[in-house]
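Per-entry structural report
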Amino acid sequence: MARNVQSAPAADDAATVTRDRLAGGIAPWAAAVTSILVAGIVAVIARPLAPDLGPVPDAQLWFDAALLRRIAAYQQPLRLAGVIGTAIELVVPVVIAVTPWGRALVARVVDVVGSTRAARAAAAVAVVVVVVTAAAGLPVDLWAYGHARAFGLSTQSVAGWAGDRAIEVSVMALGVALVLAVGYALARRWPRHWILLAVPLGALAIAATTLAAPLVLEPLRYDTTPLPDGPVREALTAVLEADGGTDAALLVADASRRTTRQNAYVSGLAGTRRIVLFDTLLERRPEEIALIVAHELAHERNHDVLRGVLAGSAGLLVLCLLVELVVCRRIRLGLQRERADPYAAGVVVAVLVVALLTSSPVIAWTSRRAEAAADLGALQLTGAYRDYCAVQRGLVERNLSDPAPPTWARLWWWSHPPAASRLELAARLGGDDACRP
């Protein structure tokens, strides 16, 4: 009896030590996840103030009726195609996840790979879902390509377009497969705490991808060269000096091999930061190109790429929590055996797709705020209101972008403020006749 009485405290002590060790191992990861969430929220909320653009004004104040009719002829069927394409992207993964046919397809893939290799099987299922979804949407994509060619916006051959599309689908499939493979590996090893490891690792992966994208992903689409000497570089040098200088590379992309559209963007982190101009943009006046670069410099000054990394990392936490919620409910209902059940990989992919697509309005709203803040920064840096308005008009005319899209389309898809709103902003800041036609 005495021996039994003494063993109970010893067992309790051992259990306490085990719990303390477990808590000590979890605590740093929990702190990291909390920090990521806070940093993501701060990155979205505490940012340079975006001007209030107000309601979208009537496009007829800025553009003639003939151009607006041509834009409508291009944009209206394209919006319908966008709705159909989005529906396909939503429906196909859900169908694969919940229908007998879809579950049989997933089971067949898992059986081929081996159910004991849960991470590999889940990755294979992810590839299949992405490829099937892309195949279902191929007719819509092909129509959109032909529609762009009919309006003179695409310069690619069918073979060239198909090659680009194949690369896009392959990169997407590889990315989703890696996400599921890592997630399943963590869920199998640490089923109760996998989120605490997945989120910090995912944040590192997002940062690494952003850092490497200019060197690895962008070359899959464009070849870039340094901006040559000449009037354009001279105009840009003046803007760079006014901004205080930047170590971001100024590059030109050979976009004209694919499109007649004009565009520019900033990408990369730290040593890979770059400002890239489409070569089609070099047809514009140097002063207008300088204004566009001032806009991109404002993005860099506002650290918008880094903000995107932080916000994306916080969004990853939300995605993981949604997956955990759905998976735990399925386990309670007896629909799957464990978190790392490879036969449920189709469900996980469906949850990810639905969550990402339905969050599009939030992502678009965040992007519009960043673009409006960059517009304001460019105008404050240059004071070139007329050049700014010439740029906005020129981009609408060249790209056939809708200067005043329907509210539903703007809220769901538009990553930039409508051109009519941007023109109204310049007129308001620079005086009523600063850029009237």
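Below, the structure is looked at part by part.

Cut-offs used in this document
- Residues numbered from 1 in each chain as written.
- Predicted model: local features only at pLDDT ≥ 70, side-chain atom pairs only at ≥ 80, totals over all residues.
- Heavy atoms only, no water.
- Helix = DSSP H or I, 4+ residues; strand = E, 2+ residues; numbered from the N terminus.
- Buried < 20%, exposed > 50% of the residue type's maximum accessible area, 1.4 Å probe, protein only.
- Contact = heavy atoms within 4.5 Å.
- Areas by Shrake-Rupley, 256 points an atom, 1.4 Å probe, with all protein chains shown as cover.
- Lys, Arg positive; Asp, Glu negative; His and termini not counted.
- Charge placed at Lys NZ, Arg CZ, Asp CG, Glu CD.
- Expected span 1.5 Å × (residues − 1).
- Pairing = 2+ DSSP bridges.
- Axes fitted to C-alpha atoms, helices over the stretch in contact; angles between N-to-C directions.
- Parallel < 35°, antiparallel > 145°, perpendicular 65-115°, else oblique.
- Core = buried A, V, L, I, M, F, W, Y, C linked by side-chain atoms within 4.5 Å.
- Salt bridge = Lys/Arg side-chain N within 4 Å of Asp/Glu carboxyl O.
- Phe/Tyr/Trp six-rings, centres within 6.5 Å; stacked < 30°, edge-to-face > 60°.

1. Description of the overall build of the chain
Looking only at helices and strands, one finds 14 helices and 4 strands in the chain. Its C-alpha atoms give the chain principal-axis dimensions of roughly 100 × 50 × 40 Å. Here the chain holds 437 residues, and the buried ones make up 45% of them. Contacts in the chain between residues far apart in sequence, at least 24 positions, make up 79% of those at least 6 positions apart. With an accessible surface of roughly 21,600 Å², the chain has 65% of that area assigned to carbon and sulfur atoms. Taken together, the 41 basic and 37 acidic charged side chains of the chain have centroids lying 10 Å from each other.

2. Notes on helix H10 (residues 345-358)
Between its first and last C-alpha atoms H10 spans 20 Å; for 14 residues at 1.5 Å apiece the expected length is 20 Å, and the two agree. Among the 14 residues of H10, 10 are classified as buried, and the element is accordingly described as predominantly covered. Inspection of H10 places Ala345, Gly346, Val347, Val348, Val349, Ala350, Val351, Leu352, Ala355 and Leu357 among the buried residues, and these make up the whole buried set.

3. Things to note about the sheet that holds strand E3 (residues 264-267)
Strand order across the open sheet formed by 4 strands is E1-E2-E4-E3, with mixed pairing between neighbours. The open sheet has two free edges, formed respectively by strand E1 (224-226) and E3, since each of these has just one partner strand. Across the sheet, the mean angle from the axis of one strand to that of its neighbour is 30 degrees, orientation sign disregarded. Taken together, the 5 bridges between strand E2 (residues 249-253) and strand E4 (residues 274-278) define a ladder with parallel strand orientation. Its bridge partner lying in E4, Val252 is registered against Leu277. Seen against the sheet, helix H8 (residues 286-301) touches E2, E3 and E4 and runs at an angle of roughly 25 degrees to E3.

4. Thoughts on the packing of H8 against helix H12 (residues 385-399)
One way to put it is that H8 packs onto H12 with a least axis distance of 9 Å and a crossing angle of 90 degrees. Between H8 and H12, the angle falls in the class roughly perpendicular. Contact residues: Glu287, Glu288, Leu291 and Ile292 in H8; Asp387, Tyr388, Ala390 and Val391 in H12.

5. Concerning the nonpolar core
Within the largest apolar cluster, 44 residues are counted, with the highest numbers of intra-cluster contacts made by Leu180, Tyr184 and Trp194. Those elements that place two or more of their residues in this core are helix H1 (2-45), helix H2 (65-98), helix H3 (100-113), helix H4 (118-150), helix H5 (158-189), helix H6 (194-216), helix H9 (304-332) and H10. Sort the elements by how many residues they give to this core and H10 lands first, with 8 residues. Here Trp194 is in contact with Leu186, Ala187, Cys320, Val323, Glu324 and Arg339, once residues within four sequence places are set aside.

6. Some points on the pattern of salt bridges
Working definition: two side chains of opposite charge can pair if their charged atoms are close together. Inspection of the entire model under this criterion finds 20 salt bridges. Close ionic contact of Asp141 with Arg165 constitutes a salt bridge, the shortest N to O distance being 3.1 Å. Residue Asp141 is found in helix H4, and its partner Arg165 is found in helix H5; the two are separated by 24 residues along the sequence. You can call Asp141 partly exposed: its relative accessible area is 25%. Linking Arg221 and Glu168 is a salt bridge whose minimum nitrogen-to-oxygen distance equals 3.4 Å. Of this pair, Arg221 sits in the loop between H6 and E1 while Glu168 sits in helix H5, placing them 53 residues apart in sequence. Judged by its relative accessible area of 31%, Arg221 is partly exposed.

7. Side note on unusual backbone geometry
Among all residues except glycine, the phi angle is most often negative; among peptide bonds, the trans geometry is most common. The phi torsion at His303 lies on the positive side, around 55 degrees, for a residue other than glycine. Locating His303 in the fold gives a position in the loop between H8 and H9. In this structure, Leu400 is a non-glycine residue whose phi angle is positive, near 55 degrees. Looking at the secondary structure, you find Leu400 in the loop between H12 and helix H13 (407-413).

8. Some thoughts on the environment of Pro28
You can see Pro28 is positioned in helix H1. Distance in space between the C-alpha atoms of Pro28 and Leu197 is 10.0 Å, their sequence separation being 169 residues.

9. Some details on the packing of aromatic side chains
For any pair of aromatic rings, the description rests on two quantities: the centre-to-centre distance and the angle between the ring planes. By the definition in use, this model includes 4 aromatic pairs. The interplanar angle of 25 degrees and the centroid separation of 5.3 Å between the aromatic rings of Tyr145 and Trp161 together place this pair among those described as stacked. A residue pair is termed long-range when its members are at least 10 positions apart, and Tyr145 in helix H4 and Trp161 in helix H5 qualify at 16 residues. Residue Trp161 is classed as buried on the basis of its relative accessible area of 15%.

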